[in-house]
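# Survey of secondary and tertiary structure
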Amino acid sequence: MFTFSPLRYLLETEYGQTGIGSGNLTTLRKGKAMSDSIAKKTSFLDRYLTVWIFAAMALGILLGTLLIKNPEAFFAPIIHTAP
C-alpha cells in the first residue's frame, strides 16, 4: 500500500535524496537541517518581519495617541462634506 509522505517528497525533490537509509531523514525530522538552511538564506529583516510589523503598529498607535489632541481638527481637511 502506498501512502504519501511529505517528508519523503521533500527529500526526493529538494535535497535529491532517494533513499531513507541516510542520516538526513532523522536530521530533517528534528528540523535542524531544514531550519539551518532556511535561516542562512533569509536576511535579518526577513527573519524578524513579524516583529517589525507589530513594532510599526505599536509606534503608529503611540504617535497617534500622543500627537493628535483634537481628532476633529486634525481630520477636518481630509473629511469633505457635501454642500
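In this text, all values refer to a predicted model and were calculated from it rather than measured experimentally. (Residues numbered from 1 in each chain as written. Predicted model: local features only at pLDDT ≥ 70, side-chain atom pairs only at ≥ 80, totals over all residues. Heavy atoms only, no water.)

### Some words on the overall build of the protein chain
For the record, the criterion: Note on conventions: DSSP H or I runs of at least 4 residues are helices, E runs of at least 2 residues are strands, and numbering of each starts at the N terminus. Only protein chains enter the accessibility calculation, which uses a 1.4 Å probe. A residue is then buried if its area is under 20% of the maximum for its type, exposed if over 50%, and partly exposed in between. Reported accessibility uses the Shrake-Rupley method at a 1.4 Å probe radius. Residues are deemed covered only where the shown protein chains occlude them.
For the protein chain, the helix and strand inventory stands at six helices and zero strands. When the helices and strands of the protein chain are placed in sequence order, the string is α-α-α-α-α-α. Split into buried and exposed, the 83 residues of the protein chain put 6% on the buried side. Surface accessibility of the protein chain: about 7400 Å² in total, with carbon and sulfur atoms responsible for 67%.

### Observations concerning the packing of aromatic side chains
Which entries qualify depends on this criterion: Any two rings among Phe, Tyr and Trp, with Trp reduced to its six-membered ring, count as a pair given centres within 6.5 Å; such a pair is stacked if its planes are under 30 degrees apart, edge-to-face if over 60, and tilted if neither.
One pass over the structure, following the stated rule, counts three aromatic pairs. With a centroid separation of 6.0 Å and an interplanar angle of 55 degrees, the aromatic rings of Phe 44 and Trp 52 are classed as tilted. Phe 44 sits in the partly exposed class, given a relative accessible area of 49%. Seen from their ring centres, Phe 74 and Phe 75 are 5.0 Å apart, and the 90 degrees between their planes marks the pair as edge-to-face. In textbook terms, an aromatic cluster arises when at least three aromatic residues are bridged by ring pairs, as seen for Phe 44, Tyr 48 and Trp 52.

### Notes on a nonpolar patch on the surface
Rules: Surface patches are drawn from residues lacking salt bridges whose relative accessible area is over 30%; two like charges belong together within 9 Å, two nonpolar side chains (Val, Leu, Ile, Met, Phe, Trp, Tyr) within 5 Å. Whenever a carboxyl oxygen of Asp or Glu lies within 4 Å of a side-chain nitrogen of Lys or Arg, that contact is scored as a salt bridge.
A cluster of nonpolar side chains, namely Phe 44, Leu 45, Tyr 48, Leu 49, Val 51, Trp 52, Ile 53, Phe 54 and Met 57, defines an oily patch on the protein surface of about 910 Å² accessible area. With six residues, helix α5 (residues 49–67) is the largest single contributor of residues to the nonpolar patch. Locating Phe 44 in the fold gives a position in helix α4 (residues 44–47).

### Quick notes on the confidence of the model for the protein chain
Any residue range with low pLDDT should be treated as having predicted coordinates unsuitable for detailed reading. Note the cut-off: Confidence of the predictor at the level of single residues is captured by pLDDT, which takes values from 0 to 100. Residues count as neighbours in contact if any of their non-hydrogen atoms are within 4.5 Å of one another.
When pLDDT is averaged along the protein chain, the result is 74, and 60% of the positions lie at 70 or above. By mean pLDDT, helix α2 (residues 24–30) is the weakest element of the protein chain at 49, and α5 is the strongest at 94. Low pLDDT, under 50, characterises residues 22–28; the stretch is placed with twelve contacts to residues that sit more than four places away or in other chains.

### Re the environment of Thr 65
Our working rule: Identification of polar contacts relies on pairs of N or O atoms within 3.5 Å, with a donor-acceptor requirement for protein atoms, meaning one able to donate a hydrogen and the other able to accept it, and with residues adjacent in sequence counted only if both atoms are side-chain atoms.
Its place among the elements puts Thr 65 in helix α5. The class for Thr 65 is exposed, based on a relative accessible area of 55%. A polar atom in the side chain of Thr 65 sits 2.5 Å from the backbone oxygen of Ile 61.

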